[in-house]
Every structure is written in C-alpha cells, then in structure tokens.
Amino acid sequence: MEKIILDCDPGHDDAIAILLAAGDPRVELLAITTVAGNQTLPKVTRNALSVCAIAGIRVPVAAGVDRPLVEPQRVAEDIHGDSGLDGPALPPPAFELDGRHGVQVIVDTVMAHEPGTVTLVATGPLTNVALAMRLRPAIVERVKRVVVMGGAHTRGNTTPAAEFNIAVDPEAAEAVFRGAWEVTMVGLDLTHQALATDELHERVRAIGGEVSGFVLDVWEFFGETYRTVFGFRHPPIHDACCVAAVIDSAVFTTAKADVRVELRGEWTRGMTVVDFADVPAMRHGSSPGDFRTEVALELDWPRFADLVVGAIGRLSASA
Ligand code: PIR
Ligand code: CA
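## Details of the side chain of Thr34
Link 1 in the chain: Following the sequence through the fold, Thr34 ends up in strand 2 (residues 27-34).
Link 2 in the chain: Not counting residues up to four positions away in its chain, the partners in contact with Thr34 are Asp7, Cys8, Leu41, Val44, Thr45, Ala48, Ala62, Ala63, Gly64, Val65 and Asn128.

Next comes the structure, spelled out in structure tokens:
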C-alpha cells in the first residue's frame, strides 16, 4: 500500500482524485490538505469535506494557505463555478476539519511515517508544499516523491505558456521543482489524454448509487465548461492522473528532465521550462544529477479508466 497525502483545491477533477485515492486498496490516504486555487480556501475546503461525506471517507482534512506566495489570488470560476465544484449537490460535512494548519498536517504526517514511505500528491497551486519545505526542510529527503499536477511542455491553459496550478503560484512551484526530491510532473500534455469519454460515463452509470451519480454530475458540469471554454468534446480528469500513477506506474510513460519555472517572462511567467535529459545540452546549466523530474508523456487510457471505474465501484459497494 502506498501512503499518500493529497494536497488539493477541489475542483471537479480534484474530487475524482479524492475518490480514486480513497477507493483503491493499493493507496492509503493519510490526509487531505487544501489550498486556494480553483476557488477560495473556504470554498475548496468545504468541497473536500462534501466529497468525503458523499463517499463515506474519513481522513483528516486540514485547510492550508489562502493565497499564493507573491501573486495576487486568482481563481478558476469560469471553469469550476462559484462554489468551485458546481453541478453536483454538495452535502454538509460529516465531520469537523482538523484543527491544525494544512502545512502543519503535511509536515506532521510525513514525519510520523518511516522515511521514504509517504508520497505527496499535489493537485492545486504548490503554496502549501513550498511552505512545508520551508517549515520543516527535513521532509524533502523524507518523502518518497512528489507527484504534481501542473505545468506542460507544450502549451498552457491559463496563458499560452502557463498551466493554471503553476501560473497561480509560480514562486511556490519553482521552490518545489528545485527541491532535492524526486518530482513527477503530470502536466497538461498528459492530462488532456485523460478524458471522461462517453464510454467512461456509461461504465460509471452502470454502477448506480450515490457516488456514481455524484461523479456523473461532476463530469456533466465540467464537460459543459470544457466544451464552451476550450472546445473539448470531453472534460479531462487532470488530477486523478497523479493518484493513478501512484497506484500503477504503468498508467503513463515518463521521461527524465530538469524542470524550471519561468518567473520573469513577460508572456511566459509560470511556464514550466522542461530540459529533457536525453538531449545532453544542459540548457539550464544542469548537472546530470539535476534531471530528477519525471515528466509524464503518454497515458494508457484503458488502464486509467479501469482504475477510476474500479474505485467508484468499491466506494459504491461500501457506501
Ligand atoms: C483546470 C484547473 C484550473 C483551470 C482550468 N482551466 C482547468 C485546475 C484543475 O483542478 C487541475 O488541477 C489544474 N487546475 C489544471 O490546470
Ligand atoms: Ca486541482
């Protein structure tokens, strides 16, 4: 069983990431921490608790940081709606928020487990993770790895160059990518392959019950915004790809790279500049040891779909 902390900003695709983490027996979800991103901190925190209530998930949930390190706060209301999780009915929380700060929960949880056993999965802006690194630098060598939904090596979704999670807090992202830990970058190049297709809808519909109905409502709203805003036929389930990779490393291929975040470009601030290790030019002035980031490339969609359907099925059976 892979122990994970899920740092997120739910968010339609974050909600599916939570369900996948809670519904797959190969993952032990230790805690959920929230960060301002898709919506304000109170809204995304409340959404995390609602998702837990729907699926009968009982893990510590703690609210983290309410704004980026340097940038003014920016939310994705056009994509995720006023609540941050518009579409499905959102039941009241079934339990209280953990009293600690989310950054403290990340530190405490990593330090409470054996070195090299906890994977940090981050599916929102990287503010909490960057601050946890500063609050307790020892976590950097103690975590197994960090799996980040963020960035892209082709094009952005918030600016032509930048993906939302990185664009919202570029300084935090740069700190995380420069940290002396292994990072897996699950960027848009990968997540735009993880589509909630008609086939996936039908398989989830066939499960029936409350969790299945919730997921269908999530995809219906997200699908509509992706159709109107981006011209996609189906919505990408970005954040669930990170959890899928923890469950089954064969769910996508990767390439080693050194990733830096552009902090000063006029048109490129928040861009992930990916220096792939197979080209020995070392354009960042990197040494071979710096090619620590695994950049996700190609998704095995059937494998991914099976994981999502399996988790929803298990959660429905135990609800
Ligand atoms: C998705 C997101 C934000 C903005 C858009 N346009 C689409 C959220 C998702 O929750 C995901 O984590 C990441 N940020 C994708 O950019
Ligand atoms: Ca997210």
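## Here's the deal with empty space enclosed by the protein
It is a probe the size of a water molecule, rolled over the atoms, that shows where empty space is left.
Link 1 in the chain: Here the structure, examined in full by the defined rule, presents one cavity of 30 Å³ or more.
Link 2 in the chain: Volume-wise, the largest cavity comes out at about 30 Å³.
Link 3 in the chain: Forming the walls of the largest cavity are Ile16, Leu19, Leu20, Val215, Val308, Ala311 and Ile312.
Link 4 in the chain: Counting only elements with at least two residues in the lining of the largest cavity, the list comes to helix 1 (12-23) and helix 13 (301-318).

## Some words on helix 12 (residues 240-247)
Link 1 in the chain: The element helix 12 is largely enclosed, with a buried count of eight among its eight residues.
Link 2 in the chain: Three or more residues of helix 12 are buried, namely Ala240, Cys241, Cys242, Val243, Ala244, Ala245, Val246 and Ile247.

## Topic: the sheet that holds strand 3 (residues 61-63)
Each strand in a sheet pairs with another by means of backbone hydrogen bonds, the pair being arranged parallel or else antiparallel.
Link 1 in the chain: With mixed pairing, nine strands are arranged side by side in an open sheet as 3-2-1-4-5-6-9-7-8. Looking along the sheet, the strands with just one partner apiece sit at the ends: strand 3 and strand 8 (272-276). The mean inter-strand angle of the sheet, taken between neighbouring strand axes irrespective of direction, is 30°.
Link 2 in the chain: Pairing analysis gives three bridges linking strand 2 to strand 3, with the strands arranged parallel. Each bridged residue has a counterpart across the sheet, and for Thr33 the counterpart in strand 3 is Ala62.
Link 3 in the chain: Its contacts with the sheet put helix 1 on strand 1 (2-8) and strand 2, and the angle it makes with strand 1 is roughly 165°.
Link 4 in the chain: Sitting on the sheet, helix 8 (residues 170-178) is in contact with strand 5 (145-149), strand 6 (183-186), strand 7 (252-261), strand 8 and strand 9 (293-299), with an inclination near 115° to strand 7.

## A closer look at the environment of Met149
Link 1 in the chain: Along the chain, Met149 turns up in strand 5.
Link 2 in the chain: Judged by its relative accessible area of 2%, Met149 is buried.
Link 3 in the chain: Remark: the alpha-carbon pair of Met149 and Cys242, spanning 93 residues in sequence, is separated by 6.5 Å.
Link 4 in the chain: What Met149 contacts, discounting residues up to four positions off in sequence, is Ala122, Thr123, Glu163, Asn165, Val186, Gly187, Leu188, Thr191, His238, Asp239 and Cys242.

## Observations regarding the environment of Leu29
Link 1 in the chain: By secondary structure assignment, the location of Leu29 is in strand 2.
Link 2 in the chain: Here the alpha-carbon distance between Leu29 and Thr225, two residues 196 residues apart in the chain, equals 29 Å.
Link 3 in the chain: Other than its neighbours up to four places away in sequence, Leu29 contacts Ile4, Leu6, Ala21, Ala22 and Val59.

Parameters and conventions
Residues numbered from 1 in each chain as written. Chains lettered and ligands numbered in written order. Predicted model: local features only at pLDDT ≥ 70, side-chain atom pairs only at ≥ 80, totals over all residues. Heavy atoms only, no water. Helix = DSSP H or I, 4+ residues; strand = E, 2+ residues; numbered from the N terminus. Contact = heavy atoms within 4.5 Å. 1 Å grid on protein atoms, 1.4 Å probe; cavity = no way out; pocket = protein on both sides within 12 Å on 5 of 7 lines; lining within 4 Å. Points joined across faces, edges and corners; volume = space filled by probe spheres on them. Buried < 20%, exposed > 50% of the residue type's maximum accessible area, 1.4 Å probe, protein only. Pairing = 2+ DSSP bridges. Axes fitted to C-alpha atoms, helices over the stretch in contact; angles between N-to-C directions.

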